[in-house]
Amino acid sequence: MAEKVMDLNPFVKDPSLPHDPLRIKSQDADTITFLCDDPFAITEIHLDSPAQAQSGHVRKNPFHRESLPFRSTPGSDRKHRTNSGPAKPNMQGHYKITFTVNGREIDPDFIVD
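We now turn to the structure provided with this report. (Residues numbered from 1 in each chain as written. Predicted model: local features only at pLDDT ≥ 70, side-chain atom pairs only at ≥ 80, totals over all residues. Heavy atoms only, no water.)

### Comments concerning the sheet that holds strand S6 (residues 73–74)
Sheet strands pair by backbone hydrogen bonding; their relative direction is either parallel or antiparallel.
Here's step 1: Read across the open sheet, the four strands follow the order S1-S3-S7-S6; overall the sheet is mixed. Each edge of the open sheet is held by one strand with a lone partner, namely strand S1 (3–7) and S6.
Here's step 2: One ladder, built from four bridges, connects strand S3 (residues 31–36) with strand S7 (residues 80–83); its direction is antiparallel. When the bridges of S7 are listed, Leu35 appears paired with Arg81. (Pairing = 2+ DSSP bridges. Helix = DSSP H or I, 4+ residues; strand = E, 2+ residues; numbered from the N terminus.)

### Focus: a negative patch on the surface
Here's step 1: A cluster of acidic side chains, namely Glu44, Asp48, Glu105 and Asp107, defines a negative patch on the protein surface.
Here's step 2: Residue position: Asp107 is located in the loop between strand S9 (104–106) and strand S10 (109–112).
Here's step 3: The partly exposed category is assigned to Asp107, whose relative accessible area is 39%. (Patch = residues over 30% accessible without salt bridge, like charges linked within 9 Å, V, L, I, M, F, W, Y side chains within 5 Å. Areas by Shrake-Rupley, 256 points an atom, 1.4 Å probe, with all protein chains shown as cover. Salt bridge = Lys/Arg side-chain N within 4 Å of Asp/Glu carboxyl O. Lys, Arg positive; Asp, Glu negative; His and termini not counted. Charge placed at Lys NZ, Arg CZ, Asp CG, Glu CD. Buried < 20%, exposed > 50% of the residue type's maximum accessible area, 1.4 Å probe, protein only.)

### Quick word on the nonpolar core
Here's step 1: Grouped together as the largest cluster of nonpolar side chains are 24 residues, with contacts concentrated most on Phe34, Phe99 and Phe110.
Here's step 2: Secondary-structure elements contributing two or more residues to this core are helix H1 (9–13), strand S2 (22–24), S3, strand S4 (40–47), strand S8 (93–101) and S10.
Here's step 3: The contact partners of Phe99, leaving out residues within four places of it in the chain, are Met6, Leu8, Phe34, Phe40, Ala41, Ile42, Arg104, Glu105, Ile106 and Pro108. (Core = buried A, V, L, I, M, F, W, Y, C linked by side-chain atoms within 4.5 Å. Contact = heavy atoms within 4.5 Å.)

### What to know about unusual backbone geometry
Comment: phi is negative for the bulk of residues other than glycine, and the bulk of peptide bonds are trans.
Here's step 1: Here the phi dihedral of Arg78 falls at roughly 70°; this positive angle occurs in a residue that is not glycine.
Here's step 2: Structurally, the position occupied by Arg78 is in the loop between S6 and S7.
Here's step 3: The exposure class of Arg78 is exposed, given its relative accessible area of 70%.
Here's step 4: For Asn102, which is not glycine, the phi torsion reads 50° and is therefore positive.
Here's step 5: Given a relative accessible area of 53%, Asn102 falls into the exposed group.

### Examining the packing of aromatic side chains
Here's step 1: A complete count under the given rule lists four aromatic pairs for this structure.
Here's step 2: Where Phe40 meets Phe99, the ring centres are 5.7 Å apart and the plane angle is 65°; that geometry is what we call edge-to-face. You can see Phe40 sitting in strand S4 and its partner Phe99 sitting in strand S8, a full 59 residues away along the chain. Exposure class is identical for Phe40 and Phe99. Each is buried.
Here's step 3: Consider the rings of Tyr95 and Phe110, whose centres lie 5.5 Å apart with planes at 10°: the pair is stacked. Here Tyr95 is found in strand S8, whereas its partner Phe110 is found in strand S10, with 15 residues between them in sequence. A single burial state applies to Tyr95 and to Phe110, both of which are buried.
Here's step 4: Cluster of aromatic residues (ring-pair linked, three or more members): Phe34, Phe40 and Phe99.
Here's step 5: Over the ring of Phe70 we find Arg65; its NZ or CZ atom is 4.0 Å from the centre of that ring. (Phe/Tyr/Trp six-rings, centres within 6.5 Å; stacked < 30°, edge-to-face > 60°. Lys NZ or Arg CZ within 6 Å of the ring centre and 35° of its normal.)

### What to know about the environment of Asn102
Here's step 1: With respect to the helices and strands, the residue Asn102 is situated in the loop between S8 and S9.
Here's step 2: Along the backbone, Asn102 and Phe40 are 62 residues apart, and their C-alpha atoms lie at a distance of 7.4 Å.
Here's step 3: Within the local environment of Asn102, its side chain forms a polar contact with the side chain of Asp38, the two groups lying 3.1 Å apart. (Polar contact = N/O pair within 3.5 Å; in protein donor to acceptor, adjacent residues only side chain to side chain.)

Shown next as structure tokens:
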């Protein structure tokens, strides 16, 4: 089990910032800790697949922690964070995750292997 960290601060500064998707492995029970200077909420997670979107069978949240939104909480360092929990088995794919920060939506992506 490994904890990966996605720093949201660069996306808050520039939502169109190109980035390499964060990769996690479901078979290793990897998790993602999302971190930001400002409070945030994860409002949507979905597979980024045009073919699935057209079929109407879009896989949603790949994590065992299911009830959205995930709201951040401040740590002792005053940074806000929340954790995804481990990915479910057989949920491999390229996902988009939507965050609301300071009234704006940002949607970086990640990959479940």
